[in-house]
Amino acid sequence: MRISHLFGRTLRDAPADAELPSHRLLVRGGFIRPLGSGIFSLLPLGWRVTQKVERIIREEMNAIGGQEMLMPVVHPAEIWRETGRYDQIDASLTRFTDRADRDLVLAMTHEEVVTDLARSEISSYRQLPQIIYHLQTKWRDEPRARGGLIRVREFTMKDSYSLDRDEAGMLAAYERHRIAYDRIYRRTGLKFYMVGADTGMMGGKLSEEFMAPSPYGEDIILISPSGDYAANREVATFRRDAPPAEDALPMEDVATPATPTIQALADLLGVPTSRTAKAVFFTGDSGRFIFAVIRGDLEVNETKLRKVTGEGNLTPATTEAIRATGAEPGYASPVGLAARDDLVVVADLSIRDTPNLVAGANRTGFHLRNVNHGRDWTATIVDDIASAEDGFPSPTDGAPLRAERAIEVGNIFALGDRYTSMLGATYLDEQGESRPIQMGSYGIGSGRLVASIVEQNYDDRGIVWPAPVAPFSVYLTWIGKDTDTATFDAAAAIHDDLLAAGVDVLFDDRTERPGVKFADAELIGCPLRLSVSTRTLAEGQAELRARTATESELIPLGDVVTIIQQRIADLMAPFVVS
RNA sequence: CGGGGUGUGGCGCAGUCCGGUAGCGCACUAGUCUGGGGGACUAGUGGUCGGAGGUUCAAAUCCUCUCACCCCGACCA
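Residues numbered from 1 in each chain as written. Chains lettered and ligands numbered in written order. Predicted model: local features only at pLDDT ≥ 70, side-chain atom pairs only at ≥ 80, totals over all residues. Heavy atoms only, no water.

Description of the packing of helix α13 (residues 485–500) against helix α16 (residues 560–572)
At a minimum axis distance of 10 Å, the contact between α13 and α16 shows a crossing angle of 55 degrees. It follows that α13 is oblique to α16 by the angle criterion. For the element pair α13 and α16, the recorded crossing hand is right-handed. Each of Ile494, Asp497 and Leu498 in α13 lies in contact with α16, whose residues at this interface are Val560, Val561 and Ile564. Of the residues assigned to the contact of α13 with α16, the class counts are five nonpolar, no polar and one charged. (Axes fitted to C-alpha atoms, helices over the stretch in contact; angles between N-to-C directions. Helix = DSSP H or I, 4+ residues; strand = E, 2+ residues; numbered from the N terminus. Parallel < 35°, antiparallel > 145°, perpendicular 65-115°, else oblique. Left-handed = near helix turned anticlockwise from the far one by under 90°. Contact = heavy atoms within 4.5 Å. Nonpolar A, V, L, I, M, F, W, Y, C, P; charged D, E, K, R; others polar.)

This is the structure we're talking about:
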């Protein structure tokens, strides 16, 4: 490819609104262009990278028996109503109508379609198991798109779906995807963690996420030093301290003026925050009031709280709603609350396990000492609702967990019969019994993966592509006066030779000054840069430099093709997964 | 959805407060010089100042409405 023919150009300045390194560099390098909020075109350079990534994905999906197909972007609302998601999902699901006023949705994922296909195509155990996948455009009307390709509204996703007879089969398919994903990310050169995750809107039983560490990640993961534990903070657990061995003491009032915060209370009474109980209030989707109680040194984890209460969503309660329960904000206490159908009191395990806590008295300026769960009050639900934080002990070995920001680049869900039962996707087993198909769903956003690779591979001059996904392996330039056709011709001949040898080469054939070409070469970030100049040509040589190197080397013109091929093989080697 | 901000040529910006012939840098075109790290000079191309309405002799500038985009938050696979 000659750069003079390449559609798209590099920019010296990034658009003012691009903040993330990947966003700035992909725009500056001429890989992507924005069309609207969260909507991007992939220019030829960006498309080449994407195709290389997608090729790796396809190879690994095929390797686990996946069959590629293609499912529609526009779905009749009917199938989304059947699974209940038409009404469950907020405005991020775009609904519209056609000319006949039929309700349609823009696909944000394809479980419904797969399940619909499964119920019409699969009728016997003999047809199972199956893994099908596609790479398809998805539309999710994010409340706020941001960060270039990291968080977009329109994007391409590889999603695969496993269909199995039983749970064991589903788990085997899940395991195969775990292995395939591990290989995919290693082959693209991405650093990643596999972490336990929340199942969120997908529902289902088991879920893991593949997280690319990046300071700009929107998720926080917790990792144990030994690597034997890693989880999204939404679901991360931690080893609880052994509870103090104390007998329950008599509960008593204590005057605590001007102590609406846990810290003020602990300071006044001279006790650690871990000996206090604090209350946090939410209103659930169902309209119920959620009164959560947790030890003062811990924070409530909303995802966990949602799960244990069965609420789809929680919003912080208003002061009026808090008072309506009989509690006093700042001095709220679960002790003495009147039972109500629409009141759910949730205690964290820390509350159950810690005796003689200081809790509110539901009167401004007063608290209670020596409050004990089970004696003085009883929660509706006792469960783990505490957020794991940086430094907390790992549930596996107690070593301090490390919190790290990360970008979610893929996920795997064992869904079970969540969708198949609702849509009636069943098969007849050997005994002639009708049973629901067990399903799994597995996604990788290819654009987000590309952007995440950039987030992890750049320097102050531009992108440093891992060899397997670079738009071109070699950036070839010629350096000489405009009139130096001999040098240009020599470079053009190398271009032809490399192409003939099957090397991905981008030929900067412009009559730009060297600085301009080198700057573009580094911005675009191909692994190798090969230059032929008036000087090197006179000596029968070309100059080779790796994108990561600070020094160049001279190689004989006659050996260019073999040396380049060898170097590319060397650069690819670290990403070969056996 | 709440808070904040920005819309002026492909990109980056000034001009808006205080109304008076739309500017600068980069990029682009032509030419000359230069020739290994975004070079210099000369001459050019390109903009209904996001849109609509209003005030005014006159609007990028003032007023009203509106659209888009960005940031923070809420939310989210």
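With respect to the side chain of Ser387
Relative to the assigned elements, Ser387 resides in the loop between β20 (381–383) and β21 (402–416). Taking the relative accessible area as the measure of exposure, Ser387 reaches 7% and is therefore buried. Residues in contact with Ser387, not counting those within four places in the same chain, are Arg233, Phe238, Glu299, Asn301 and Phe392. (Buried < 20%, exposed > 50% of the residue type's maximum accessible area, 1.4 Å probe, protein only.)

Some thoughts on the protein's contact with RNA strand B
Of all residues adjacent to RNA strand B, which total 43 residues, the nearest are Arg140, Arg144, Arg151, Glu522 and Ser533. Taking all atoms of RNA strand B within 4 Å of the protein, the share assigned to sugar and phosphate is 47%. Between RNA strand B and the protein, one listed contact pairs a phosphate oxygen with a backbone N or O atom of Ala16 at 2.7 Å. Side-chain polar atom of Glu142 to a base nitrogen of RNA strand B: 2.5 Å apart, as the coordinates give it. (Near = heavy atom within 4 Å. Polar contact = N/O pair within 3.5 Å; in protein donor to acceptor, adjacent residues only side chain to side chain.)

Section: the sheet that holds strand β19 (residues 366–371)
Read across the sheet, three strands follow the order β13-β19-β18 without closing on themselves; strand pairing throughout is antiparallel. Unpaired on one side and paired on the other, β13 (252–255) and β18 (357–363) mark the two borders of the sheet. On average, each strand axis in the sheet is inclined to that of its neighbour by 35 degrees, with strand direction left out of account. With four bridges joining them, β18 and β19 adopt antiparallel strand pairing. Paired with Arg363 across the strands is Phe366, a residue of β19. (Pairing = 2+ DSSP bridges.)

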